[in-house]
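Examining the three-dimensional arrangement
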Amino acid sequence: MNLPLPVAVAIMLSVGALLLVIMWRGWRSLQARSAAKVSALAAVPAEADLGAARSEPIEGTYVTTTTAGDWLDRVAARDLGYKAKAVVQVFDAGVLVARAGASDLFVPVADLTGASRTSGMAGKYVGGEGIVVIAWSAVSPSGERTALETGVRTLHKTDRPLLLDAVSALAASSSSSPDSRTDIKESE
């Protein structure tokens, strides 16, 4: 069956517009669902309050943030669902992920739980454990803590172990500190 060209174009444009609306509604739905996991992110402290730098600035790509243990469960709320170029640096006060075109992410030392490497996270697969995963927790609107994982793909392969070691050391020092949020919660 041959359709006239204007009819075929109109059908194709209608189907394309319908697909875009479905994708937009799906993203909005994901943002609403993930808003129940994270109420607010920590504000980036002033430069003087960051403390000593534990790593050099490391260029890379902010991949995404997911719920811990489920690399496909992307958290889209609070601007965490957007992939962006980033510069990551570890300080005494926490980990700063300065993202281009998106709000910066600061994970305070008390919220850090560890670091690891993986080959992929929601929407990005690189193989060879090329993504550094920063494990942390945030307060949900219900007041409970939600375990999260943030993926960063470093620009240079040699920076991956440096970032992993710096975040792991900071998380280890946090868990041994009597002022860490985890210890406070356990003692309540």
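The rules behind each value
Residues numbered from 1 in each chain as written. Predicted model: local features only at pLDDT ≥ 70, side-chain atom pairs only at ≥ 80, totals over all residues. Heavy atoms only, no water. Helix = DSSP H or I, 4+ residues; strand = E, 2+ residues; numbered from the N terminus. Buried < 20%, exposed > 50% of the residue type's maximum accessible area, 1.4 Å probe, protein only. Contact = heavy atoms within 4.5 Å. Areas by Shrake-Rupley, 256 points an atom, 1.4 Å probe, with all protein chains shown as cover. Lys, Arg positive; Asp, Glu negative; His and termini not counted. Charge placed at Lys NZ, Arg CZ, Asp CG, Glu CD. Phe/Tyr/Trp six-rings, centres within 6.5 Å; stacked < 30°, edge-to-face > 60°. Lys NZ or Arg CZ within 6 Å of the ring centre and 35° of its normal. UniProt positions renumbered as here; feature names shortened; annotations may be inferred. Polar contact = N/O pair within 3.5 Å; in protein donor to acceptor, adjacent residues only side chain to side chain. Pairing = 2+ DSSP bridges.

Here we come to the overall build of the protein chain. When you go through the protein chain residue by residue, the secondary structure sums to 3 helices and 9 strands. Across its three principal axes, the protein chain shows a C-alpha extent of roughly 75 × 40 × 30 Å. Counting all 188 residues of the protein chain, 38% fall into the buried class. Of the contacts formed within the protein chain by residues at least 6 apart in sequence, a portion of 60% connects residues at least 24 apart. Surface exposure of the protein chain reaches about 10,400 Å², of which carbon and sulfur atoms provide 59%. Side-chain charges of the protein chain comprise 18 positive and 19 negative groups, with the mean position of each set lying 11 Å from the other.

Applying the stated criterion across every chain, the model contains 0 aromatic pairs. In this structure, R99 is placed above the aromatic ring of Y62, and the distance from its NZ or CZ to the ring centre is 4.4 Å.

This part takes up the UniProt feature "domain: PH" (unreviewed entry) in the protein chain. In the numbering used here, UniProt assigns the feature "domain: PH" (unreviewed entry) to residues 41–166. With 6% helix and 46% strand, residues 41–166 has its two end C-alpha atoms placed 22 Å apart.

Here S55 is to be found in the loop between helix 1 (5–34) and strand 1 (58–67). On the basis of relative accessibility, which here comes to 12%, the residue S55 falls in the buried class. Only 3.0 Å separates the side chain of S55 from the backbone nitrogen of V90, close enough to count as a polar contact. With near-sequence residues (within four places) excluded, S55 lies in contact with Q89, V90 and A166.

Glancing now at the pairing of strand 9 (residues 145–154). In this structure, strand 1 lies alongside strand 9, joined through 7 bridges in antiparallel fashion. Considered in strand 9, the bridge of Y62 is made with V152. Inspection of the sheet shows strand 8 (residues 131–139) paired to strand 9 by 8 bridges, in the antiparallel sense. From the neighbouring strand, A135 faces strand 9, where its bridge partner is E149. A loop of 5 residues connects strand 8 with strand 9, the two strands running antiparallel in sequence, and G143 in this loop sits at a positive phi of about 95°.

The next subject is unusual backbone geometry. Excluding glycine, residues mostly have negative phi values, and the peptide bonds linking residues are mostly trans. For E129, which is not glycine, the phi dihedral falls at a positive 50°. Turning to its location among the elements, E129 is positioned in the loop between strand 7 (124–125) and strand 8. Under the relative-accessibility criterion, E129 is labelled partly exposed at 45%.

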